[in-house]
Amino acid sequence: METLAETYREDTFTLARWQFADEPELVATVTGSLEHLGAWMIWATGGYSAEDGAEFLRTTRKNWESGESHDFALRVDGVLAGSVGVMARDGGVEIGYWLARGYTGRGLITRAVRLLTAEAFRLGAGYVEIKHDERNVRSGAVPARLGFTRVRTEPAEKPLAPARTGTDHVWRLTAPR
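Basis of the calculations
- Residues numbered from 1 in each chain as written.
- Predicted model: local features only at pLDDT ≥ 70, side-chain atom pairs only at ≥ 80, totals over all residues.
- Heavy atoms only, no water.
- Buried < 20%, exposed > 50% of the residue type's maximum accessible area, 1.4 Å probe, protein only.
- Helix = DSSP H or I, 4+ residues; strand = E, 2+ residues; numbered from the N terminus.
- Pairing = 2+ DSSP bridges.
- Contact = heavy atoms within 4.5 Å.
- Axes fitted to C-alpha atoms, helices over the stretch in contact; angles between N-to-C directions.
- Parallel < 35°, antiparallel > 145°, perpendicular 65-115°, else oblique.
- Left-handed = near helix turned anticlockwise from the far one by under 90°.
- Nonpolar A, V, L, I, M, F, W, Y, C, P; charged D, E, K, R; others polar.

Draft legend 1. Focus on the pairing of strand 5 (residues 92–99). Most of strand 5 sits out of view: seven of its eight residues are buried. Bridging between strand 4 (residues 79–89) and strand 5 involves eight bridges; their strand directions are antiparallel. What sits directly across from Arg-89, in strand 5, is Gly-92. In sequence, strand 4 turns back onto strand 5 through a hairpin of two residues, with Gly-91 there showing a positive phi of about 85°. Bridge count between strand 5 and strand 6 (residues 127–133): two bridges; the pairing is parallel. Each bridged residue has a counterpart across the sheet, and for Val-93 the counterpart in strand 6 is Val-128.

Below, the structure written as structure tokens:
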């Protein structure tokens, strides 16, 4: 698959490649949403420090350059609202996402995933997958709304965040022919 662009704009949001200068806003946004995020994301349990943010940004830079993944800051009116990542898989990609408190329920992730799914197919991906914990109904509503098919369940990677069951649902959409 070809490389994704560094920035995408839609009417209500922007997806832009993470930059080192984003670290203070990243840390503040995650810290302000720890209870919300920490239920599902192990990296958001027990706090989120400036060093955590810096490490994330170093990793995203390395992964972008290697093609392993392409991580985007999702901004609404210039304010950080969350993140969406597109991770290379054999023959396709996996998309993961999170939103800060106060930005859920607006359809932002659904629209961002729709945009990145279309872009992944345009660039040659054979499929797009989304994984979520079986209890995370809101996260699972995204692929369901976009026409993905739930294809399997599988054990989640450990360690687990507090609300997770250890079973992931895997959804897939195959590239149009």
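Draft legend 2. How the structure looks around the side chain of Arg-17. With respect to the helices and strands, the residue Arg-17 is situated in strand 2 (residues 14–17). The exposure class assigned to Arg-17 is buried, which follows from its relative accessible area of 12%. If we ignore the near neighbours within four places in the chain, the residues touching Arg-17 are Glu-6, Asp-22, Arg-61, Trp-64, Glu-65, Asp-71 and Phe-72.

Draft legend 3. Molecular detail of the environment of Pro-143. Looking at where Pro-143 falls in the secondary structure, it is placed in helix 5 (residues 137–145). A relative accessible area of 0% means that Pro-143 is categorised as buried. Leaving out residues up to four positions away in the same chain, Pro-143 has contacts with Tyr-97, Ile-130, Phe-148 and Trp-171.

Draft legend 4. View of the packing of helix 1 (residues 23–31) against helix 3 (residues 50–66). Here helix 1 crosses helix 3 at 120°, and the two axes come no closer than 9 Å. When the interaxial angle is binned, helix 1 and helix 3 end up oblique. Seen from above, helix 1 lies across helix 3 with right-handed handedness. Residues Glu-23, Leu-26 and Val-27 of helix 1 pack against Ala-50, Gly-53, Ala-54, Phe-56 and Leu-57 of helix 3. Tallied by class, the residues present in the contact of helix 1 with helix 3 amount to six nonpolar, one polar and one charged.

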